[in-house]
Amino acid sequence: MFDAVQLATRGSARVLVLAHFKGEKLDPDSRKLDPTGHAACAAERPEATGETGTVVDAFPEKGHDRVLVVGLGEKDDFSPAAVRSAAAAVGRALAKAKADSAEIAIHHAIARLPKSAKVDMHACASAAGEGLGMIAWNYDTLRGSATTKKDRTKLSVHCDDAKFRAGLSRGLGLAEGTNIARTLSQTPPNIATPAYLASEAKKMARKAGLKCTVYQGKQLEDHKFTGLINVGKASENKPCMIRLEYTPARGKSKDPLVLVGKTMTYDSGGLSIKVGGGMKGMKRDKDGGCAVFGAMHAIATTIKPNRPVVALLMCAENSISDEAYRPDDVIEFRNGVTVEVTNTDAEGRLVLADGLTWACAKESPAAIIDMATLTGGVVVALGSVYAGMWCDDDDLRAKLDQAADASDERVWRLPHHAEYRSMMKSPIADIVNSAPVREAHPIQGAAFLSYFVEKNIPWAHIDIAGTHATDKDKGCFIPGPTGFGARLLAEAVERF
Ligand code: BES
Ligand code: ZN
Ligand code: ZN
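What comes next is a walk through the structure.

What counts and what doesn't
- Residues numbered from 1 in each chain as written.
- Chains lettered and ligands numbered in written order.
- Predicted model: local features only at pLDDT ≥ 70, side-chain atom pairs only at ≥ 80, totals over all residues.
- Heavy atoms only, no water.
- Helix = DSSP H or I, 4+ residues; strand = E, 2+ residues; numbered from the N terminus.
- Rg over C-alpha atoms; globule rule 2.2 N^0.38 Å.
- Buried < 20%, exposed > 50% of the residue type's maximum accessible area, 1.4 Å probe, protein only.
- Contact = heavy atoms within 4.5 Å.
- Areas by Shrake-Rupley, 256 points an atom, 1.4 Å probe, with all protein chains shown as cover.
- Lys, Arg positive; Asp, Glu negative; His and termini not counted.
- Charge placed at Lys NZ, Arg CZ, Asp CG, Glu CD.
- Donors = N, O, S within 2.8 Å, 3.2 Å for Na, K, Ca; no water.
- Tetrahedral: all angles 85-135°; square planar, octahedral: opposite > 155°, others 65-115°.
- 1 Å grid on protein atoms, 1.4 Å probe; cavity = no way out; pocket = protein on both sides within 12 Å on 5 of 7 lines; lining within 4 Å.
- Points joined across faces, edges and corners; volume = space filled by probe spheres on them.
- Nonpolar A, V, L, I, M, F, W, Y, C, P; charged D, E, K, R; others polar.
- Salt bridge = Lys/Arg side-chain N within 4 Å of Asp/Glu carboxyl O.
- Pairing = 2+ DSSP bridges.
- Axes fitted to C-alpha atoms, helices over the stretch in contact; angles between N-to-C directions.
- Phe/Tyr/Trp six-rings, centres within 6.5 Å; stacked < 30°, edge-to-face > 60°.
- Lys NZ or Arg CZ within 6 Å of the ring centre and 35° of its normal.
- Near = heavy atom within 4 Å.
- Polar contact = N/O pair within 3.5 Å; in protein donor to acceptor, adjacent residues only side chain to side chain.
- Core = buried A, V, L, I, M, F, W, Y, C linked by side-chain atoms within 4.5 Å.

### As for the overall build of the protein chain
- A tally of helices and strands in the protein chain yields 16 helices and 19 strands.
- Over its C-alpha atoms the protein chain spans a radius of gyration of 24 Å, differing by no more than 12% from the 23 Å that the globule rule assigns to 496 residues.
- Taking all 496 residues of the protein chain together, the buried fraction comes to 57%.
- In the protein chain, the proportion of contacts linking residues at least 24 apart, taken out of those at least 6 apart, comes to 76%.
- Of the accessible surface of the protein chain, which amounts to about 20,800 Å², a share of 49% is contributed by carbon and sulfur atoms.
- Between the centroid of the 63 positive side chains of the protein chain and the centroid of its 61 negative side chains there is a distance of 4 Å.

### Describing the coordination of the zinc ion (ligand 3)
- Surrounding the zinc ion (ligand 3) are the protein donor atoms Lys 262 (NZ), Asp 267 (OD), Asp 285 (OD) and Glu 347 (OE), at 2.0 to 2.4 Å.
- Relative to the metal, the six donor atoms surrounding the zinc ion (ligand 3) lie at angles of 77 to 173 degrees, and the coordination shape comes out octahedral.
- Here the donor residues for the zinc ion (ligand 3) map to a single chain with the spacing K-x4-D-x17-D-x61-E.
- A separation of 3.2 Å is found between the zinc ion (ligand 3) and the zinc ion (ligand 2), both of which receive a donor from Asp 267. With a gap of 23 residues between them, Lys 262 in strand 9 (residues 257-267) and Asp 285 in the loop between strand 9 and helix 10 (287-303) connect regions that are remote in the sequence. As far as the burial class goes, Lys 262 and Asp 285 line up, both buried.

### Some details on the layout of surface pockets
- Approximately 870 Å³ is the volume attributed to the largest pocket.
- Along the wall of the largest pocket there are 29 residues; nearest its centre are Trp 137, Glu 176, Asn 179, Ile 180 and Thr 183.
- If you list the elements that add at least two residues to the lining of the largest pocket, you get strand 1 (4-7), helix 6 (162-186), helix 7 (194-208) and helix 10.
- A per-element tally of the lining of the largest pocket places helix 6 first, with seven residues.
- Here the lining of the largest pocket is built from residues that sort into 15 nonpolar, eight polar and six charged.

### Side note on the pattern of salt bridges
- Applying the stated criterion across every chain, the model contains 31 salt bridges.
- Across the salt bridge formed by Lys 22 and Glu 51, the nearest N and O atoms sit 3.5 Å from each other. Taken together, the residues span a long stretch of sequence, with Lys 22 in the loop between strand 2 (15-20) and helix 1 (28-32) and Glu 51 in the loop between helix 2 (38-42) and strand 3 (55-58) at a distance of 29 residues.
- Between Glu 74 and Lys 22 there is a salt bridge whose closest N-O contact spans 3.4 Å.

### So, the sheet that holds strand 1
- Ordered in space as 1-6-5-2-4-3, the six strands form an open sheet in which the pairing is mixed. The open sheet has two edge strands, strand 1 and strand 3, and neither has a second partner. Averaged over all pairs of adjacent strands, the angle between their axes in this sheet comes to 25 degrees, without regard to strand direction.
- Note: strand 1 against strand 6 (residues 154-158), four bridges, orientation parallel. Bridge assignment links Gln 6 to a residue of strand 6, and that residue is Ser 156.

### Quick notes on the coordination of the zinc ion (ligand 2)
- Taken together, the protein ligands of the zinc ion (ligand 2) are Asp 267 (OD), Asp 345 (O), Asp 345 (OD) and Glu 347 (OE), with distances of 2.0 to 2.2 Å.
- Around the zinc ion (ligand 2), the six donor atoms are arranged such that angles at the metal cover 72 to 169 degrees; this shape is classified as irregular.
- Since its relative accessible area comes to 3%, Asp 267 is described here as buried.
- Assessed through its relative accessible area of 0%, Glu 347 is described here as buried.

### A closer look at the packing of aromatic side chains
- Inspection of the entire model under this criterion finds seven aromatic pairs.
- Members of the aromatic cluster, each reached through a chain of ring pairs, are Tyr 215, Phe 225 and Trp 358.
- The aromatic ring of Tyr 386 is capped on one face by Arg 410, whose charged end is 6.0 Å from the ring centroid.

### Quick look at the site of ligand 1
- Around ligand 1 lies a shell of 17 residues, among which Lys 274, Asp 285, Asp 345, Glu 347 and Gly 376 are the nearest.
- Leu 374 has a polar backbone atom sitting 3.5 Å from a nitrogen atom of ligand 1.
- Gly 376 places a main-chain nitrogen or oxygen 2.6 Å from an oxygen atom of ligand 1.
- About the coverage of ligand 1: the protein hides 85% of its 510 Å² of free accessible area.
- Among the residues making up the shell around ligand 1, the classes are represented as four nonpolar, seven polar and six charged.

### Observations concerning the nonpolar core
- Ranked by size, the top nonpolar core spans 53 residues in total, and within it Ile 242, Leu 244, Met 296, Ile 299 and Ile 462 carry the most contacts.
- Take this core: its biggest share by element is ten residues, from helix 10.
- Leave out the neighbours within four places in its chain, and Ile 242 touches Leu 197, Ala 198, Ala 201, Cys 212, Thr 213, Ala 311, Leu 312, Leu 313 and Cys 315.
- Counting residues in hydrophobic clusters, the runner-up holds 42 residues, among them Val 231, Val 260, Leu 356 and Cys 360.

Here it is as structure tokens:
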């Protein structure tokens, strides 16, 4: 939609953006901003229903060139999520109008809600920034000479309320992290190889003030990264682990939170090759890692928590050659657990196992959160509405639930149980990477991972296979990657 969205530091805007609730007229403070009365009239037109994201416009003869009045939905079930959707709708309308500047004044309507509604204005402002920032995302990089490029403008966002402005700035920062994740997800597998991601990580780290170390080649053997080595064996594009580290100005000595991302730059299934249409779109099998990457950007530039955060991106391409790992291979991991490979398409859990054992042994983690497009089964179970979450630690789970509420990146708890762990037993090694039965597929994935996390360490596994992409042109999204997880993780980290 836009080239970029930024908070303006001076000047005035050509378009004014006001808000109202379903069935309500413009509030007096909003009305004052357009003394011609055109905006107030527009808000009473029949099409100005006030439904979340309904936008009507007015053209006053003085003051602003245009006024947009956006609906925030029912007063009674108002939440920051409504602001996020409304802001995305405003972004779409501004792009259509080819606007290059907008004065956001929707807080006047929100401020009229009664005290009992317990409105968190900062969260509303952040959601507005997220909506505006996320709707700006596009991916034109690979359009060639046969396409006429869309000319896109930059949007300057103005706001004269200092508090709302601070929230907008936070939201724009979170949106930037999300958009970084989306851009990486969208980048095709012949470009976005593990080495490419490592070089992008180094660039991002330099700009954002993070430390970045890449483990590759012999270092993978030295540190016994069994999953990365085996899954990545068949590809010319060699595997690596990217380690990003955020160190706070204060609170350096606390134990870090560790974020682990499945970053499969392509998942062909390996020798257990994906058939039918199953392979198309598997460039997005890196989206767990992309979300972690985007979250680290937002953490370093916007959230700035008082606790260290470490990110481990487990990067490999699951390909096919005479060197490929095979069904029947038995491999041993750093923590001594042996795995009989029964299906080379259950590769994500193998690279995550390296990340989890590394985190436990080397990072002294306060908690570990892993994020992965792990199973087709989670899509069957939860669709694109919730990501699957496995977390038996009450405190970590509460923080993730709050983060999910704040970001509207929803997670639904699924169970761990000793019986699921038993399903993973192998007749010749400790465990198999895929059980012979299809039942409880996403839970099998979580059960497998549990063999690689030390018992006393709080841990959450989040399966985003259903939420990482969308085919809908709706709200903050256009068809393609959603960047799901970047905001969820950043919000979670802020709560530690
Ligand atoms: N990358 C896939 C999971 C996936 C499916 C992601 C659909 C996004 C959309 C994963 O590596 C995989 O192939 N999983 C198999 C596991 C099975 C072989 C045990 C699956 O879910 O079918
Ligand atoms: Zn797979
Ligand atoms: Zn995969």
